[in-house]
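Letter by letter, the chains look like this.
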Amino acid sequence: MSKSVKMKLILVSISLYVALLGTIQGQAELTIYESFDDFEHVLHSGEDKIFVINFWATWCKPCVEELPYFEELHETDGIEVVLVSLDFKNQIESKLKPFLKERALQSKVVVLADTKYNNWLDKVNTEWSGAIPATYIYSGDASIFKEEEFSSVEEITSMINSIKI
């Protein structure tokens, strides 16, 4: 094998390793929704499971404090956790991505960059003032909403159980 081919193989191997390592450490590619209209399908999946959609931001202390509960819940069969970051778009690279890497979050994280909150808050829940943390849990047509911090994974599980049919 020629020296240039070996070098190319080494570079490809390193690239694959870095990509894999990034995914393992919670650095999978972030989906950024520029508008609520693009994001809204996340709130209405037809899949036969329970969805836990948590709205949060890195600058929100209560949001950060409850993240471990969602991470614990993430490992439960039949439940899909989606952490919807409301971090400022200009801070995704400097704040959000380093935060995700440091904590190695395994839950799905997406960014909702639509700052026209008054146009879409009611589409999540008519009672939502816009404060975070806020969590929307649904399965089929059943749903429940909470606009405050959870104190334990058991509290989230209790809300989930209240909508199970």
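Model, not experiment: these values are computed from the prediction. (Residues numbered from 1 in each chain as written. Predicted model: local features only at pLDDT ≥ 70, side-chain atom pairs only at ≥ 80, totals over all residues. Heavy atoms only, no water.)

A. Examining the overall build of the protein more closely. On a plain count of helices and strands, the protein comes out with 6 helices and 6 strands. Written out in order from the N terminus, the α and β elements of the protein read α-β-α-β-α-β-α-β-α-β-β-α. Taking all contacts inside the protein whose residues are at least 6 apart in sequence as the whole, residues at least 24 apart take part in 68%. Of the roughly 9,700 Å² of accessible surface on the protein, 53% is carried by carbon and sulfur atoms. (Helix = DSSP H or I, 4+ residues; strand = E, 2+ residues; numbered from the N terminus. Contact = heavy atoms within 4.5 Å. Areas by Shrake-Rupley, 256 points an atom, 1.4 Å probe, with all protein chains shown as cover.)

B. Structural context of the state of the cysteines. A full pass over the atoms with the stated rule returns 1 disulfide. The partner cysteine of Cys60 in its disulfide is Cys63, sulfur to sulfur 2.3 Å. The sign of the 75° torsion about the S-S bond sets the Cys60-Cys63 disulfide as right-handed. Taking relative accessible area as the criterion, Cys60 reaches 6% and is therefore assigned buried. The class for Cys63 is buried, based on a relative accessible area of 0%. (Disulfide = S-S within 2.5 Å. Buried < 20%, exposed > 50% of the residue type's maximum accessible area, 1.4 Å probe, protein only.)

C. A look at the sheet that holds strand β2 (residues 50-56). Read across the open sheet, the 6 strands follow the order β1-β4-β3-β2-β5-β6; overall the sheet is mixed. Each end of this open sheet is capped by a strand with a single partner; those strands are β1 (31-33) and β6 (142-146). Strand after strand, the sheet turns through a mean of 20° between neighbouring axes, direction not considered. (Pairing = 2+ DSSP bridges. Axes fitted to C-alpha atoms, helices over the stretch in contact; angles between N-to-C directions.)

D. Representation of the pairing of β2. Within β2, 7 of the 7 residues are buried, leaving the element largely enclosed by the surrounding structure. Of the two faces of β2, the one carrying Ile50, Val52, Asn54 and Trp56 and the one carrying Phe51, Ile53 and Phe55 are both buried. Pairing geometry for β2 and strand β3 (residues 79-85), over 7 bridges, is parallel. If you follow Phe51 over to β3, its bridge partner there is Glu80. Regarding topology, helix α3 (residues 61-74) serves as the crossover connection from β2 to the parallel β3, and that connection is right-handed. Pairing between β2 and strand β5 (residues 134-139): 5 bridges, direction antiparallel. Bridge assignment links Phe55 to a residue of β5, and that residue is Ala134. (Right-handed = clockwise from strand over helix to strand, strands pointing away.)

E. Quick look at the nonpolar core. If you look at the biggest cluster of nonpolar residues, it comprises 50 residues, and the most contacted ones within it are Phe39, Ile53 and Phe55. Residue contributions to this core peak at 6 residues, all from β2. Residue contacts for Phe55: discarding those within four places in its chain leaves Phe39, Leu43, Cys63, Val84, Leu86, Leu112, Trp120, Val124, Trp128, Ile132, Pro133 and Ala134. (Core = buried A, V, L, I, M, F, W, Y, C linked by side-chain atoms within 4.5 Å.)

F. View of the confidence of the model for the protein. For the protein, the average pLDDT comes to 85, and 82% of its residues sit at 70 or higher. Low pLDDT (under 50) marks residues 5-27, which in the prediction has 16 contacts with non-local residues, meaning those over four places away or in another chain. (pLDDT = per-residue confidence, 0-100.)

G. Representation of the packing of aromatic side chains within the structure. For the coordinates displayed, the defined rule picks out 14 aromatic pairs. Their ring planes at 55° and their centres at 5.7 Å tell us that Phe36 and Phe39 sit as a pair that is tilted. Here Phe36 pairs with Phe39, and both are found in helix α2 (residues 36-39), just 3 residues apart, close to one helical turn. Judged by relative accessible area, Phe39 falls into the buried class, the value being 0%. (Phe/Tyr/Trp six-rings, centres within 6.5 Å; stacked < 30°, edge-to-face > 60°.)

H. View of the pairing of β5. For β5, the buried fraction is high: 5 of the 6 residues fall into the buried class. Bridge analysis of β5 against β6 gives 5 bridges, and the strand direction is antiparallel. What sits directly across from Tyr138, in β6, is Ser143. Two successive antiparallel strands, β5 and β6, enclose a turn made up of 2 residues, where Gly140 displays a positive phi of approximately 60°.

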